[in-house]
Amino acid sequence: MVDDFDYELPEELIAQEPAEPRDASRLMVLERATGRVEHRVFRDLAEILQPGDCLVLNDTRVRPARLTGHRPGGGRAELLLLRPLREDVWEVLGRPARRLRQGVRLLFGGPGAEEAQLEAEVLANRGEGLLEVRFLYRGDWERLLDELGQVPLPPYIRKPLRDPERYQTVYAREPGSAAAPTAGLHFTAELLERLRGRGVLQATVTLHVGVDTFRPVLEREVEAHRMHSEFFQLGEQAVETIRRAREQGGRVVAVGTTVVRTLESAAASDGSLRPGGGWTDLFIYPGYRWRVVDALVTNFHLPRSTLLMLVAAFAGRERILAAYREAVRRRYRFFSFGDAMLIL
């Protein structure tokens, strides 16, 4: 039951701004086997991980994917780009969804159709805010996005972000996400260098975060929920680095649920990995048989979310909920800009 993944969270514990510096976040360390909990600081990761472990990072970069415009007759509208479907046609989340019916046109960057820098036509409204939209424009698409778009912050963050780069990881390279892989926001270049100096291997994968970051689980039964597909890429170098770590007895340490879904989607039944890419709708919840991941760096997730279900599948529902109660009691900061957890 989805209700089994609920917990009480005081609203004031939802972080509204990132820690400064990044690696000053608190870090809860949870041992799966015993349930033992230790309270550290994120930069202590360089002391906790062992030589030969392999840290796997998601190098996706958040697009300036939030577009604010209006309908020609008036009325504000907002689109959040999720993924391209074909040339100039995108899947988006739209608001106000009930007014964005098939055939509706939206204008961005100008008061009227002649002045607008970008125009959008709704081709289909699939419900729950999901739209298929065709964009009409002149010039370069990426330049227009940079000019007209904003980096989308989750709806529970109400404080304006002074520096948009703080919603990007320091190793973000591949544009395509609608949200940041937030477990990686805690890393600094200096911490990554310290980890390398300690002999911790590092590998990068790509998964572009999509609509399931924003969609609530509406079904009563966990198994009835269907994940939205997200694009991932696993390169030869990452496969080789992970293979070398495993052969030497090192642990595969996934930084975030997006890395978990990438590695577990790409794994064969025996746990071996091959380079490649594609779309994954893998939904991980308790009962899942793990193939690749040995340890997980993650944030504290929303109640009743697929992300909470994934970490519960990794550490056990009771262990995770007990750890979350401890985090609330000790006033940890939650969600995207919040503190972190290392599950070993």
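In case you missed it, the structure is sitting above this.
Trainee: Hey, could you run me through helix α7 (residues 317-329) in this one?
Mentor: An α-helical turn contains 3.6 residues, so any two residues separated by three or four positions project in the same direction. When the terminal C-alpha atoms of α7 are compared, their 18 Å separation across 13 residues agrees well with the 18 Å that a helix rising 1.5 Å per residue should span. For α7, the full list of buried residues reads I320, L321, A323, Y324, E326, A327 and V328. The inward-facing, buried residues of α7 abut β1 (26-30), β2 (37-41), β16 (295-299), α6 (306-315) and β17 (340-343). R331 sits one or two residues past α7 and shows a positive phi near 65 degrees.

Trainee: What exactly am I supposed to notice about the side chain of T206 here?
Mentor: Positionally, T206 belongs in strand β12 (residues 201-207). Looking at T206, its side chain comes within polar contact range of the side chain of D59, at 2.5 Å.

Trainee: Would you mind going over the pattern of salt bridges with me for this structure?
Mentor: Pairs may arise between side chains of opposite charge once their charged atoms sit close together. Applying the stated criterion across every chain yields a total of 33 salt bridges. In this structure, R66 and E78 form a salt bridge, with 3.1 Å as the shortest nitrogen-oxygen distance. Of the two residues, R66 is situated in strand β5 (residues 66-70) and E78 in strand β6 (residues 76-86); the sequence distance between them amounts to twelve residues. Assigned by exposure class, R66 and E78 land together as buried. In this structure, the salt-bridge partner of E121 is R105, at a minimum N-O distance of 3.7 Å. Here R105 lies in strand β8 (residues 105-108) and E121 lies in strand β9 (residues 118-127), a separation of 16 residues in the sequence. Assessed through its relative accessible area of 33%, R105 is described here as partly exposed. Connected through salt bridges with shared partners, the residues E31, R36, E38, R40, D44 and E47 form a single ionic network.

Trainee: Just to check I follow, could you spell out α6 for this structure?
Mentor: Taken across its ten residues, α6 has nine buried, putting it largely inside the fold. Inspection of α6 places T306, L308, M309, L310, V311, A312, A313, F314 and A315 among the buried residues, and these make up the whole buried set.

Trainee: How do you make sense of the sheet that holds strand β15 (residues 276-280) when you look at a structure like this?
Mentor: Adjacent strands of a sheet form backbone hydrogen bonds with each other and so pair up, either parallel or antiparallel. If you walk across this open sheet you meet the nine strands as β2-β1-β17-β16-β14-β3-β12-β13-β15, and the pairing is mixed. Where the open sheet ends on each side, the last strands, each with one partner, are β2 and β15. Neighbour to neighbour, the strand axes of the sheet diverge by 25 degrees on average, direction disregarded. Direction of pairing for strand β3 (residues 54-58) relative to strand β14 (residues 252-255): parallel, over a ladder of three bridges. Bridge pairing in β14 links V56 to A254. Packed onto the sheet, helix α4 (residues 236-247) meets β3, β12, β13 (230-234) and β14 and runs at close to 140 degrees relative to β12. Against the sheet, α7 touches β1, β2, β16 and β17, its axis set at about 150 degrees to β1.

Trainee: Sorry, what's going on with the nonpolar core here?
Mentor: Most often, soluble globular proteins have nonpolar side chains that are buried together. Counting 67 residues, the largest nonpolar core has L263, L273, I320, Y324, F334, M341 and I343 as the members making the most contacts within it. With sequence-adjacent residues up to four places away left out, F334 is seen in contact with Y7, L9, L13, I14, A15, F300, Y324, A327 and V328. Counting 26 residues, the second-largest nonpolar core is a separate cluster that includes L79, L80, F135 and L148.

Trainee: Honestly, the pairing of β14 in this entry has me stumped. Any pointers?
Mentor: Within a regular strand, the side chains alternate between the two sheet faces. The two faces of β14 match: V252 and A254 on one face and V253 and V255 on the other face are all buried. Across three bridges, the pairing between β14 and β16 is parallel. Paired with V253 across the strands is A295, a residue of β16.

Trainee: Explain the side chain of T262 here, please?
Mentor: Looking at the element boundaries, T262 is found in helix α5 (residues 257-266). Residues within four places of T262 in sequence aside, it is in contact with V205, T206, L207, F232 and Q233.

Trainee: Help me understand the environment of R63, please; the structure alone is not making it clear to me.
Mentor: Along the chain, R63 turns up in the loop between β4 (60-62) and β5. Classification of R63 as buried rests on a relative accessible area of 13%. Sequence separation of R63 and E174 is 111 residues, and the distance between their C-alpha atoms is 9.3 Å. Every residue in contact with R63, bar those within four places of it in the chain, is listed here: W90, E142, L145, Q150, V151, P152, P175, G176 and S177. Here E142 takes part through its side chain, which lies 3.3 Å from a polar atom of the side chain of R63.

The rules behind these values
- Residues numbered from 1 in each chain as written.
- Predicted model: local features only at pLDDT ≥ 70, side-chain atom pairs only at ≥ 80, totals over all residues.
- Heavy atoms only, no water.
- Helix = DSSP H or I, 4+ residues; strand = E, 2+ residues; numbered from the N terminus.
- Expected span 1.5 Å × (residues − 1).
- Buried < 20%, exposed > 50% of the residue type's maximum accessible area, 1.4 Å probe, protein only.
- Contact = heavy atoms within 4.5 Å.
- Polar contact = N/O pair within 3.5 Å; in protein donor to acceptor, adjacent residues only side chain to side chain.
- Salt bridge = Lys/Arg side-chain N within 4 Å of Asp/Glu carboxyl O.
- Pairing = 2+ DSSP bridges.
- Axes fitted to C-alpha atoms, helices over the stretch in contact; angles between N-to-C directions.
- Core = buried A, V, L, I, M, F, W, Y, C linked by side-chain atoms within 4.5 Å.

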